[in-house]
Amino acid sequence: MSSADNTAPVRTLTAAAPVRLRAIEVRLLRLTLVRPFETSFGRTEVRVVPLVRIEADGLEGWGEAVAFDEPLFSAETVSTVRHVIGDVFAPALLARSLASVGDVTTTLSRFKGHPMAKSGLELAFLDLAARSRGLSLRQAIGGTRARVPVGVSLGIERDLPTLLELVRSHVAQGYQRIKLKIKPGWDLEVVRAARAAFPDILLSVDANAAYTLDDTMHLQALDAFSLLMIEQPLAHDDLLDHQALQRSLRTAICLDESITHTRAAAHALALGSARLINIKIGRVGGYTEALGIHDLCLARDVPVWCGGMLECGIGRAHNLALASLPGFSLPGDISASTRYYARDVLTHPIEVAADGTVEVPTGVGLGIEIDRDYLDEITIESRTYRA
Ligand code: OSB
Ligand code: MG
């Protein structure tokens, strides 16, 4: 990347006029994955997906809160999202005049934690603000790419042949990077076999915090396979052990769980705990922090990529906008809708082209139309909070 690219993009995160929210809806969808997804922390087959919809002066905005049923990736759950938005965040936001995404961030900043719940609201606000100005999400945040490179994250499978067949089919579909979930007992042998079968692909692994520093020698064996990165090998809230591990590995460490806000990213880079960072808007509490981490990494020439949380089309559209920013130089975990769900909540599912890229939506706001009938069909709960 040339240093000429290292300027923060132009952004319009304000609405056309200050907004008084009339209603905040938290809606739970029930979606079944086309294939169960297993990581070192557990297996997911059916997802309850919390959506956030906000309403003001004839405008609306949609966001997704990426929490799961159980606190296995991080502390939040679908229930904590629903509770904290309904009982705390909605009353705080409904009472105020909000000009920009930053006003949502500031209003909620005195409340500790709950980044996924906060993020659901920030996503919805940016969608509404962008719609009020006739901009796409990408235009609003200053994204520069029309298409983004994407990879796929493949879960732990029953056996090696099954996994290798999945790698083959996703490489054939054009995915530019294959990420394998690993855990003790499903790691070296799996990576060795995948690398032997596909010598030239961009390959990475994600441990979701399954190891400790005592496994250093074991993890050093991964250096033999030319991996693009090892994602979050150690504890979910750690920076110091990752610093020690990164010093003893040739392969780049990428942090996911540990990077919960811009300060954590700055600390990780200062310590040398990672050479790459994955940005998930939900994990970091919304656009303000996601853009902050992007800008920090861009200024320091640290590559970032957009992580995924098995989102439905609404979260996926936000991820595409984020990934259009100049710092996102590595393929993101933004796969085709059909890799996750047989039917998505959008009228036009997100597709991956043969060259392994996805088009960033160009319509106003989210940029893709929501399939309201289908959304209603799979809604299992809806609560609306009013001013
Ligand atoms: O760690 O990146 C992760 C899915 C659920 C929880 C955590 C992670 C993941 C993935 C899948 O790797 C990413 C995606 O394709 O949405
Ligand atoms: Mg991860």
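Preceding this section is the structure that the text describes.
Fair warning: this is a prediction, and the values are worked out from it, not measured in the lab.

A. The arrangement of the coordination of the magnesium ion (ligand 2) in detail. The protein atoms that coordinate the magnesium ion (ligand 2) are Asp206 (OD), Glu231 (OE) and Asp256 (OD), at distances of 2.1 to 2.3 Å. Within one chain, the residues serving as donors to the magnesium ion (ligand 2) are arranged as D-x24-E-x24-D. Here aspartate 206, found in strand E9 (residues 202–206), pairs with glutamate 231, found in strand E10 (residues 229–231); they are 25 residues apart in sequence, far enough to count as distant. By the burial criterion, aspartate 206 is buried, and glutamate 231 matches it.

B. Focus on helix H5 (residues 160–172). The end-to-end C-alpha distance of H5 is 18 Å, a good match for the 18 Å that 13 residues give at a rise of 1.5 Å each. Taken from the residues just after H5, glycine 174 is the one with a positive phi, measuring 110°.

C. How the structure looks around the packing of helix H9 (residues 262–271) against helix H11 (residues 287–299). At a minimum axis separation of 8 Å, H9 and H11 run at an interaxial angle of 25°. Between H9 and H11, the angle is such that the two are roughly parallel. Two packed elements cross with a definite hand, and for H9 against H11 that hand is right-handed. Listed contacts from H11 to Thr262, Ala265, Ala266 and Leu269 of H9 are Glu289, Gly292, Ile293, Leu296 and Cys297. Looking at the contact of H9 with H11 residue by residue, the class counts come to six nonpolar, two polar and one charged.

D. Spatial organisation of the site of ligand 1. Looking at ligand 1, there are 17 residues lining it, with Ser153, Lys181, Asn208, Leu310 and Tyr340 nearest. Side-chain polar atom of aspartate 256 to an oxygen atom of ligand 1: 3.1 Å apart, as the coordinates give it. The fraction of the free accessible surface of ligand 1 (390 Å²) that becomes covered by protein chains is 99%. Its residues assigned to classes, the shell around ligand 1 shows seven nonpolar, three polar and seven charged. The residue makeup of the shell around ligand 1 includes at least three contributed by each of domain 1 (14–135 + 370–386) and domain 2 (140–359).

About the thresholds
Residues numbered from 1 in each chain as written. Chains lettered and ligands numbered in written order. Predicted model: local features only at pLDDT ≥ 70, side-chain atom pairs only at ≥ 80, totals over all residues. Heavy atoms only, no water. Donors = N, O, S within 2.8 Å, 3.2 Å for Na, K, Ca; no water. Helix = DSSP H or I, 4+ residues; strand = E, 2+ residues; numbered from the N terminus. Buried < 20%, exposed > 50% of the residue type's maximum accessible area, 1.4 Å probe, protein only. Expected span 1.5 Å × (residues − 1). Axes fitted to C-alpha atoms, helices over the stretch in contact; angles between N-to-C directions. Parallel < 35°, antiparallel > 145°, perpendicular 65-115°, else oblique. Left-handed = near helix turned anticlockwise from the far one by under 90°. Contact = heavy atoms within 4.5 Å. Nonpolar A, V, L, I, M, F, W, Y, C, P; charged D, E, K, R; others polar. Near = heavy atom within 4 Å. Polar contact = N/O pair within 3.5 Å; in protein donor to acceptor, adjacent residues only side chain to side chain. Areas by Shrake-Rupley, 256 points an atom, 1.4 Å probe, with all protein chains shown as cover. Domains from an automatic or database assignment.

In short, the description is geometric, and any link to function would need to be established separately.
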